[in-house]
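# Structure assessment
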Amino acid sequence: MTIRVLVADDHAMVRAGFGALLAAEQDIEVVGDAADGEQAVAETRRLRPDVVLMDVRMPGMDGLGAARLLLAPPGGEYRPRVLMLTTFDLDDYVYEALRAGASGFLLKEAPPADLVSAVRVVAAGDALLAPSVTRRLIEEIARCRPALSGAAPRVQSLTERESEVLLHIARGLSNTEIAAALVVAEQTVKTHIGRILAKLDLRDRAQAIVFAYESGLVVPRSSLPSR
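This text gives an overview of the structure that appears in the document. (Residues numbered from 1 in each chain as written. Predicted model: local features only at pLDDT ≥ 70, side-chain atom pairs only at ≥ 80, totals over all residues. Heavy atoms only, no water.)

## Some thoughts on the pattern of salt bridges
When charged atoms on two side chains of opposite charge get close, those side chains can pair. In this structure the tally under the stated criterion is eight salt bridges. For R120, the salt bridge goes to E25, with nearest N and O atoms at 2.9 Å. Of the two residues, R120 is situated in helix 5 (residues 112-123) and E25 in the loop between helix 1 (12-23) and strand 2 (28-34); the sequence distance between them amounts to 95 residues. Residue R120 is classed as partly exposed on the basis of its relative accessible area, which comes to 33%. (Salt bridge = Lys/Arg side-chain N within 4 Å of Asp/Glu carboxyl O. Helix = DSSP H or I, 4+ residues; strand = E, 2+ residues; numbered from the N terminus. Buried < 20%, exposed > 50% of the residue type's maximum accessible area, 1.4 Å probe, protein only.)

## Considerations on the side chain of H168
Residue placement: H168 occurs in helix 8 (residues 160-170). If we skip the residues at most four places from it in the chain, H168 touches L173, I178, A181 and L182. (Contact = heavy atoms within 4.5 Å.)

## Let's talk about the environment of L115
Along the polypeptide, L115 turns up in helix 5. With 62 residues separating them along the chain, L115 and L53 place their C-alpha atoms 9.6 Å apart. Those residues in contact with L115 that lie beyond four places of it in its chain are F18, L21, L22, L53 and L106.

## Some remarks on the pairing of strand 1 (residues 3-8)
Strand 1 sits mainly inside the fold: five of its six residues count as buried. Here six bridges tie strand 1 to strand 2, and the two strands are oriented parallel to one another. The residue bridging R4 from the neighbouring strand is E29, located in strand 2. Handedness of the β-α-β unit built from strand 1, helix 1 and strand 2 comes out right-handed. (Pairing = 2+ DSSP bridges. Right-handed = clockwise from strand over helix to strand, strands pointing away.)

From the geometry alone we can't say anything about function, so treat these as descriptive.
Spelled out as structure tokens, the structure:
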């Protein structure tokens with residue numbers, strides 16, 4: 001199955017470089033590009049790619065605004081997978097994009113192989129969560145924000161085991177690692193995750209991690225009292 005990709009970045013050379021890199025892969029087809037957020041939204045809706053590589057900072061409508069429009073369509077319409085591209089890992093824009101439903105983010109300075117792998121991961125329906133960067137980003141920004149007042153009742157809708165699984169997700173564990181920690185089958189973990197996402201009305205693991213921090217289920221390390 002071919003993965004259809006659209007590249008949105010305000011720098012023509014970046015668009016061309018990413019496009020050429022991805023087009024060289026047999027299972028990836030670059031169907032279009034865009035130079036700003038408004039064009040990204042229009043071209044995505046016209047071409048309906050599987051994955052949109054979205055630069056965070058663009059003139060006019062930025063990547064965050066475009067991601068919000070694409071990930072919250074009226075009437076449950078088509079939604080692509082959105083992979084945010086950024087120069088700075090600790091970027092509030094990236095955090096808001098994850099909250100909006102982006103499937104993850106990638107630093108522009110990442111090796112070419114990481115970009116190709118990221119597109120495949122996101123296209124498969126998984127969230128791209130580099131624990132050392134994504135969790136640090138979420139912890140840093142969540143530390144400066146109060147817990148969401150409406151989040152606690154949603155957490156209470158989870159069973160004890162589901163809360164435990166969500167905690168492991170927020171710590172960056174894979175399904176295999178969670179299964180080993182809980183001494184259950186990996187399929188059981190997948191079932192729990194499906195129920196967690198449904199109960200909390202979340203799209204994927206990226207949103208689940210953000211929710212875990214904002215709900216207060218996970219306390220950022222920098223907020224813990226010193227001994």
